[in-house]
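Chain by chain, the residues run as shown.
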Amino acid sequence: MEASAQNVMHETRVVEVVAAVIIQADGQFLLAQRPEGKVYAGYWEFPGGKVEPGESPMHALERELWEELAIQVRLAYPWITKVFEYPHATVRLNFFRVVAWEGMMIPRENQSLCWQLPQQVTVAPVLPANDSILRALSLPPVYAVTNTSGIGIQPALDKIERALSQGVRLLQIREKQMAKAELKKFAGDVLSMAHRAQAKVLINGDLALARELGADGVHLTASQLMALPSRPDPADGLCGASCHNSEELFAAERLGLDFAVLGPVQPTLTHPGMPPLGWRRFAALIRGYSLPVYALGGLCSADLTVAQEFGAHGTAMMRGIGEPN
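Computed from a prediction, not measured in an experiment: that's the story for all the values here.

Engineer: Teacher, can you tell me more about the environment of Gln308 here?
Structural biologist: Structurally, Gln308 is set in helix α10 (residues 304-309). For Gln308, a relative accessible area of 12% puts it in the buried group. Once the C-alpha coordinates of Gln308 and Ala76 are considered, the two residues, 232 residues apart in sequence, prove to be 9.4 Å apart. Aside from chain neighbours lying at most four places away, what touches Gln308 is Tyr77, Pro78, Arg97, Pro141 and His313.

Here's what the structure looks like:
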């Protein structure tokens with residue numbers, strides 16, 4: 001760590017906090033309203049609180065949810081970490097997704113509770129630190145990547161249609177070998193299918209084509225990511241990027257992208273000469289990271305739970321999309 005960064009850390013004490021994104025099977029998550037007498041009273045937030053000295057974030061999460069809601073955590077995954085500067089304090093928010101718990105929720109601090117959907121938040125105001133978390137929650141757990149190579153265009157379209165019928169709601173069109181005219185036709189067909197299913201489509205590496213076709217955003221290659229001084233205009237939609245190491249992850253974070261894709265986790269035909277990260281290295285690279293990250297490389301739908309256990313937002317898949325359940 002550079003001396004200047006060390007000085008900042010000495011001057012500004014960062015308060016470690018845990019926050020629970022408690023998620024039901026239907027996708028609804030819990031928000032709690034801060035009670036009277038607390039800073040930002042009346043604001044809505046994710047349940048949680050300070051990490052006590054000598055306490056691990058997971059133990060703090062379990063303690064806080066018992067103290068605040070009378071529930072016992074049974075299954076929780078590490079997710080996103082955000083540092084946020086409030087006027088009264090700088091906090092590091094360690095977000096966990098809590099997917100299983102026991103007990104009937106009791107608001108022990110007399111706080112109001114409300115279940116919400118990511119794109120239909122009806123309560124206000126929400127604590128400022130949580131705006132980006134609400135956006136991240138709207139990202140689906142599976143990110144499908146097209147692949148016509150070796151199977152042909154019509155079989156690829158059939159696989160995409162099956163994937164959409166199985167619930168895939170985020171796709172990337174990645175066709176490096178396809179001629180421009182053919183790519184435009186293929187992308188137009190995918191966009192039509194996806195939008196009928198209320199799914200979003202990103203174009204790999206070509207913002208101009210994404211704008212021309214009315215796509216929902218762009219997916220940057222690693223080389224594009226490292227060369228850009230700033231992210232594309234948010235008006236152009238979602239922006240993700242392919243990452244393979246800590247430097248590229250840092251670049252995606254610096255640009256304020258919507259998400260990153262990190263891999264390959266397992267051996268893959270797409271990058272035959274690149275050694276796989278493995279799950280432990282993957283988890284180490286995204287520990288404390290502020291963007292949602294999809295795991296990529298040799299994965300199938302059955303790997304989603306494993307990926308989330310290691311801190312991923314979800315999985316990105318190329319050859320595994322649209323396969324029979």
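Engineer: I'm lost on the nonpolar core in this one. Help?
Structural biologist: The nonpolar side chains of soluble globular proteins are, as a tendency, buried together. By size, the foremost hydrophobic cluster in this structure holds 26 residues, and its most contacted members are Ile160, Leu171, Ile173, Phe186, Val190, Val201 and Ile203. Of all the secondary structure elements, the ones that give two or more residues to this core are β8 (142-145), α4 (153-165), β9 (170-173), α5 (180-196), β10 (200-204) and α6 (207-213). Counting residues per element, this core draws most heavily on α5, which supplies seven residues. If near-sequence neighbours (up to four positions away) are discounted, Val190 is found in contact with Leu157, Ile160, Ile173 and Val201. One finds Cys239, Ala241, Leu257 and Ile286 within the second-largest nonpolar core, a separate group that totals 25 residues.

Engineer: What's the story with α5 in this structure? I'm lost.
Structural biologist: Residues lying three or four places apart along an α-helix face the same way, a consequence of the helix completing one turn every 3.6 residues. With 17 residues, α5 ought to run about 24 Å at 1.5 Å a step, and its terminal C-alpha atoms sit 24 Å apart, in line with that. Within the span of α5, buried status applies to Leu183, Phe186, Ala187, Val190, Leu191, Met193 and Ala194. The arc that holds the buried residues of α5, viewed along the axis, is 165°, so those residues lie on one side. Across α5 from its buried face, at more than 90 degrees, point the exposed residues Ala181, Lys185 and Arg196. For α5, the elements touching its buried residues are α4, β9, β10 and α6. Just beyond α5, the residue with positive phi is Gln198, at close to 60°.

Engineer: When you look at the sheet that holds β8 in this model, what are you seeing that I'm missing?
Structural biologist: Sheets are built from strands that pair by backbone hydrogen bonding, the pairs being arranged parallel or antiparallel. Within the closed barrel, the eight strands sit side by side as β8-β9-β10-β11-β12-β13-β14-β15. Their pairing is parallel. For this sheet the average axis-to-axis angle between neighbouring strands, irrespective of direction, equals 25°. In the sheet, β9 pairs with β10 via four bridges, with the strands oriented parallel. Bridging from a neighbouring strand, Leu171 pairs with Val201 of β10. In the packing of α5 onto the sheet, contacts are made with β9 and β10, and the angle to β9 comes to roughly 175°. Lying on the sheet, helix α9 (residues 278-286) is in contact with β13 (259-262) and β14 (293-296); it crosses β14 at an angle near 160°.

Engineer: What am I meant to see in the environment of Gly311 here?
Structural biologist: For Gly311, the position within the fold is in the loop between α10 and β15 (314-317). In the structure, Gly311 is positioned 32 residues away from Trp279 in sequence and 9.8 Å away in space, judged by C-alpha atoms. Ignoring any residue separated from it by four or fewer positions in sequence, one finds Gly311 in contact with Pro78, Trp79 and Ile286.

Definitions and limits used
Numbering of residues starts from 1 in each chain and follows the order in which that chain's sequence is written. Two thresholds apply to this predicted model, a pLDDT of at least 70 for residue-level local features and 80 or more for giving and counting side-chain atom pairs, whereas whole-chain, interface and lining totals are computed over all residues. Side-chain measures were taken over the full set of non-hydrogen atoms in the model, leaving aside hydrogen atoms and water. Going along the chain from the N terminus, every DSSP run of H or I of four or more residues is numbered as a helix, and every run of E of two or more is numbered as a strand. Between buried and exposed lies partly exposed: a residue is buried under 20% and exposed over 50% of the maximum accessible area for its type, with that area taken using a 1.4 Å probe on protein chains only. The contact rule is simple, with two residues in contact once any of their heavy atoms fall within 4.5 Å. Only buried Ala, Val, Leu, Ile, Met, Phe, Trp, Tyr and Cys residues count toward a nonpolar core, and they belong to the same one when joined by side-chain atoms within 4.5 Å. In this analysis, the expected span of each helix is defined as 1.5 Å times one less than the number of residues it contains. Directions from the helix axis toward the C-beta atoms define the arc. Should DSSP find at least two bridges between two strands, the strands are regarded as paired. Inter-axis angles, ranging from 0 to 180 degrees, are taken between N-to-C directions of lines fitted to C-alpha atoms, where helices are fitted over the stretch in contact.

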